[in-house]
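# Summary of the model geometry
Next come the chains, spelled out residue by residue.
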Amino acid sequence: MSVDATSPYDDGNIFARLLRGEIPSKRVYEDDHTVVFHDIAPWAPIHLLAIPRGRYVSWDDFSARASDAEIVSFTRAVGQAAREAGLVEPGYRLIANTGTNSHQEVPHLHVHIIAGRPLGPMLVENDSRR
């Protein structure tokens, strides 16, 4: 089920529960504003998820309401986690889905950090856009 990015924050979502310690995670980085952990259903050999500790539904919500400190910290945390995982030289992809057309599935901002193999084009072309 896709998430409407304009919906209110749901405290029962899986990432809110993870942040509260109700669901275990294999964390690779955390600071005052961000947690980065391994995805439990990876799309590639390396698949990390970065989430802010704050209650933000999507990238749009985060960019509009987060403090400057949260935005800077989150951005730096994503880069730090990628560097610590050795992903810079071979390359990695960041994905942040927002709303129904992007197929956002969890109503908490999360950035996928995907790497470990050639990833191909960003989107598969289809004739519907022509």
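These numbers come from a predicted model, not from an experiment. (Residues numbered from 1 in each chain as written. Predicted model: local features only at pLDDT ≥ 70, side-chain atom pairs only at ≥ 80, totals over all residues. Heavy atoms only, no water.)

If you tally the helices and strands in the protein, you get three helices and five strands. Along the protein, helices (α) and strands (β) appear in the sequence α-β-β-β-α-α-β-β when read from the amino end. Its C-alpha atoms give the protein principal-axis dimensions of about 40 × 35 × 30 Å. Going through the 130 residues of the protein one by one, you find that 39% of them count as buried. Long-range contacts, defined here as pairs at least 24 residues apart, represent 58% of the contacts in the protein between residues at least 6 apart. Accessible surface for the protein amounts to roughly 7900 Å². Of this, 53% is attributable to carbon and sulfur atoms. The centroid of the 13 positive side-chain charges in the protein is displaced by 4 Å from the centroid of its 17 negative side-chain charges. (Helix = DSSP H or I, 4+ residues; strand = E, 2+ residues; numbered from the N terminus. Buried < 20%, exposed > 50% of the residue type's maximum accessible area, 1.4 Å probe, protein only. Contact = heavy atoms within 4.5 Å. Areas by Shrake-Rupley, 256 points an atom, 1.4 Å probe, with all protein chains shown as cover. Lys, Arg positive; Asp, Glu negative; His and termini not counted. Charge placed at Lys NZ, Arg CZ, Asp CG, Glu CD.)

Further remarks concern the nonpolar core. With 17 residues, the main nonpolar core has Val 36, Ala 50, Phe 62, Phe 74 and Ile 113 as its most contacted residues. Within the residue set of this core, elements represented by two or more residues are β3 (46-52), α3 (68-84) and β5 (111-115). Ranked by residue count, the leading element in this core is α3, at five residues. Contacts of Val 36, omitting those with residues within four sequence positions, involve Arg 27, Val 28, Tyr 29, Leu 48, Leu 49, Ala 50, Ala 77, Ala 81 and Ile 113. (Core = buried A, V, L, I, M, F, W, Y, C linked by side-chain atoms within 4.5 Å.)

Considering the arrangement of structural elements, one finds Pro 107 in the loop between β4 (92-95) and β5. Along the chain, Pro 107 and Glu 70 lie 37 residues apart, while their C-alpha atoms are 18 Å from each other.

So far we have only geometry, and geometry alone does not tell us how the molecule works.
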